[in-house]
Amino acid sequence: CRVTDTSRKIQVKPVPILPETVMARSEVGRALDEGEDVATAIEALVEETWPIDVHPATETQIVLETDRTRYPVETADFSAELCLDRVRAHAPDGQEAAFNEVELELLQGDEVAFTAFARAMRDAVGLETSKLSKYVRSLRMLGRTGYRYAGDAPIFDHATPADVAARKILWNLLETMRHYELGTMAGADLEHLHKMRVTTRRIRAALKVFGVAFPPAELAWLKAEFKWLGRLMGTVRDLDVHQVNQREWRAALGPDPLAGWARLAEVLYARWEDARGPLVSGLGSERYDALVERAEAAFTVDPKWPDDHPARQPVAALGQRVIKKRVKAFRRALEVVLESGAAEDAHELRIVGKRLRYTVERLAPLFDEAFTSELKRLKTFQGVLGDFQDKAAALELLEDLRSDAGDDAAYGEVLDALDAWFRAALADAETVVVDAVDGLGGVKATKKLAKAAKRALATN
């Protein structure tokens, strides 16, 4: 709620999980009538704008008092506004904090020239670039953590029965997934959907690892329904990635023709909006509610397996067998792609590598720091393959976009340039994979990883 000497208005805007991930058109606001309740107005505005219900009722977290001095900045390339802010933060419990901030905002003109000016001014005056909003900075200064997107990490040891560890792990994942649910439905910050989808994949991976912990019919139902949920999010997520990657594409190929790039941005955004319809409907459906309810029961209720049931074996013993299998599959996929150099084999390698990483991540309490450092190298390796796969997915998208290009010459020129660029990148699959394998430590790195896992899981 922004209050000045002459007005009161409310603004609602997402706090980004990662910088530069908030989608366009996400901030909304309106003026308040005299005497209108702030909390009620905010709740109504959110529910009118996004397909979510606000519950429980909103509560004041902090109050910021800002004294602002404004200065216009005019150059041949852009117009901007320089603001000197003196901020005092107050919490409902009486705590207070204060800080100063310089804010430079582009009003119109060349973004590149503006950015260069901002950096030069920062360096000349001796300022530091802030990566935090006033809201987040104030929360931290007042000792508050803000919203948590996941519960406490599950705790278990080598001797914990597999079914007990499974329920702890899957409950934590389900709780994490649900914390991104409203943000995914709102669609303002694309990271919510990304993290919800990744968590859904981790749930599916955990169900495969700990399948013995659940009755067969229940396990099959959960696998099928979480697979449905993952597919529901897939199309929207792909379009999220394409929209973000437009900056990279344009930087690589140049800003011209401007009209062609503008048309591409409009088309991708329209497709994103269309794709979100089924996603939002699915997350608001009885089918999704049934999945959540049944998963909550499965991940909390003890089936009371007899002591000689495989579900009662130590989680370390189960983990050792599964990781051995996953490492073997990863090494085999690695050898295949090194021999073929094919893009489809590189994609399969990435999938197999994710299964291995997700399995190890779920068993994190059993591993030491030395082992987890090896896992970080695998994550970096997959990141390289992920960039490669993004280009393959974008190439498929281009083939579809051509059908709607019509006689728009500028748009067609951009699509042709992108097509050639993506094909050149994909033709270099073998070099990309070989370089990534070298960074991983070669094929021998998989054997090293397997030995380290065996040693860690045999401890205690």
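Residues numbered from 1 in each chain as written. Predicted model: local features only at pLDDT ≥ 70, side-chain atom pairs only at ≥ 80, totals over all residues. Heavy atoms only, no water.

**Student:** Now, about the pairing of strand β4 (residues 63–74): what can you tell me, with residues and values included?
**Tutor:** Of the strand pairs in this sheet, β4 and strand β5 (residues 78–90) are connected by twelve bridges, and their pairing is antiparallel. Looking across to β5, one finds that V73 is bridged to A80. If you look at the hairpin formed by β4 and β5, you'll find three residues sitting between the two strands. (Pairing = 2+ DSSP bridges. Helix = DSSP H or I, 4+ residues; strand = E, 2+ residues; numbered from the N terminus.)

**Student:** Lay out helix α13 (residues 409–427) in plain terms, naming residues and giving numbers.
**Tutor:** Relative to the 27 Å expected for 19 residues at 1.5 Å per residue, α13 spans 27 Å between its end C-alpha atoms, a close match to the ideal helical length. Residues A410, Y411, G412, V414, L415, L418, D419, F422 and L426 constitute the buried set of α13. One side-chain oxygen at the N-terminal end of α13 lies 3.3 Å from the backbone nitrogen of A410; it belongs to D408. (Expected span 1.5 Å × (residues − 1). Buried < 20%, exposed > 50% of the residue type's maximum accessible area, 1.4 Å probe, protein only. Polar contact = N/O pair within 3.5 Å; in protein donor to acceptor, adjacent residues only side chain to side chain.)

**Student:** Give me a positive patch on the surface: which residues, what numbers.
**Tutor:** Where like charges cluster on the molecular surface, the positive patch consists of K208, K223, K227, R231 and R355. The element contributing the most residues to the positive patch is helix α7 (residues 216–253), with three residues. Relative to the helices and strands, K208 is located in helix α6 (residues 190–209). Take K208: its relative accessible area is 46%, and that puts it in the partly exposed class. (Patch = residues over 30% accessible without salt bridge, like charges linked within 9 Å, V, L, I, M, F, W, Y side chains within 5 Å. Areas by Shrake-Rupley, 256 points an atom, 1.4 Å probe, with all protein chains shown as cover. Salt bridge = Lys/Arg side-chain N within 4 Å of Asp/Glu carboxyl O. Lys, Arg positive; Asp, Glu negative; His and termini not counted. Charge placed at Lys NZ, Arg CZ, Asp CG, Glu CD.)

**Student:** Break down the side chain of D163 for me, with residues and values.
**Tutor:** Of note, D163 is situated in helix α4 (residues 162–179). Residue D163 is classed as buried on the basis of its relative accessible area, which comes to 0%. When near neighbours in sequence (up to four residues on either side) are disregarded, D163 contacts A213, D302, W305, A311 and R312. (Contact = heavy atoms within 4.5 Å.)

**Student:** Kindly report on the pattern of salt bridges, identifying the contributing residues and their values.
**Tutor:** By the definition in use, this model includes 29 salt bridges. Between D163 and R312 there is a salt bridge, with its nearest N and O atoms 3.0 Å apart. Of this pair, D163 sits in helix α4 while R312 sits in the loop between α9 (286–298) and α10 (315–340), and the two are 149 residues apart along the sequence. Of the residues examined, R312 reaches a relative accessible area of 28% and is grouped as partly exposed. Ionic pairing is found between R357 and E361, a salt bridge with its closest N-O pair at 3.1 Å. Here the residue R357 and the residue E361 both occupy positions in helix α11 (residues 343–362), the gap between them amounting to four residues, near one helical turn. Across this residue pair, the class does not change: R357 and E361 are buried. Here the residues in one salt-bridge network are R68, D85, E101, E103 and K134, joined through shared partners.

**Student:** Outline the sheet that holds β5, listing residues and values.
**Tutor:** Pairing is antiparallel in the open sheet, where three strands are placed in the order β4-β5-β6. Both outer strands of the open sheet, β4 and β6 (96–109), are each paired with one neighbouring strand and no more. This sheet shows a mean twist of 15° between the axes of neighbouring strands, independent of strand direction. Taken together, the 13 bridges between β5 and β6 define a ladder with antiparallel strand orientation. The partner of E81 across the bridge, within β6, is E105. Lying on the sheet, helix α2 (residues 111–125) is in contact with β4, β5 and β6; it crosses β6 at an angle near 145°. (Axes fitted to C-alpha atoms, helices over the stretch in contact; angles between N-to-C directions.)

**Student:** How would you summarise the confidence of the model for the chain if you had to cite specific residues and measurements?
**Tutor:** Reading predicted coordinates in detail is not appropriate for stretches of low pLDDT. When pLDDT is averaged across the chain, the result is 87; 95% of the residues are at 70 or more. Across the chain, the element-wise mean pLDDT spans from 71 in helix α14 (residues 429–440) up to 97 in α9. (pLDDT = per-residue confidence, 0-100.)

**Student:** Hey, could you go over the packing of α4 against α9 for me, with residue numbers and the actual values?
**Tutor:** Running from N to C, α4 and α9 cross one another at 150°; their axes reach a closest spacing of 9 Å. The angle between α4 and α9 places the two elements in the roughly antiparallel class. For α4 against α9, the interelement crossing comes out left-handed. Between α4 and α9, the residues in contact are R167, W171, L174, M177 and R178 and Y288, V292, A295, E296 and A298, respectively. Class assignment for the residues of the contact of α4 with α9 results in seven nonpolar, no polar and three charged. (Parallel < 35°, antiparallel > 145°, perpendicular 65-115°, else oblique. Left-handed = near helix turned anticlockwise from the far one by under 90°. Nonpolar A, V, L, I, M, F, W, Y, C, P; charged D, E, K, R; others polar.)

**Student:** Pulling in residues and values, what's your account of the sheet that holds strand β2 (residues 8–12)?
**Tutor:** The sheet built from three strands is open, its strands ordered β1-β2-β3 with antiparallel pairing. Here the strands that pair on one side only, and so sit at the sheet edges, are β1 (2–3) and β3 (28–31). Relative to β2, β1 runs antiparallel, the two sharing two bridges. Note on β2: the bridge partner recorded for V3 is R8. Together, β2 and β3 form the strand contacts of helix α1 (residues 38–49), whose direction differs from that of β2 by roughly 40°.

**Student:** Describe a nonpolar patch on the surface, and please don't skip the residues or the numbers.
**Tutor:** A grouping of V102, V125 and L127 is seen on the molecular surface, where their side chains present a nonpolar patch of about 230 Å² in accessible area. Looking at the element boundaries, L127 is found in the loop between α2 and α3 (134–141). The partly exposed category is assigned to L127, whose relative accessible area is 35%.

**Student:** Tell me about unusual backbone geometry, and name the residues and values.
**Tutor:** Most peptide bonds are trans, and most residues other than glycine sit at a negative phi. In this chain, D256 is followed by P257 through a cis amide linkage whose omega measures -5°. Inspection of the secondary structure puts P257 in the loop between α7 and α8 (258–283). Of note in this structure, K304 is not a glycine but carries a positive phi near 60°. Within the element layout of this structure, K304 appears in the loop between α9 and α10. The class of K304 is exposed, set by a relative accessible area of 65%.

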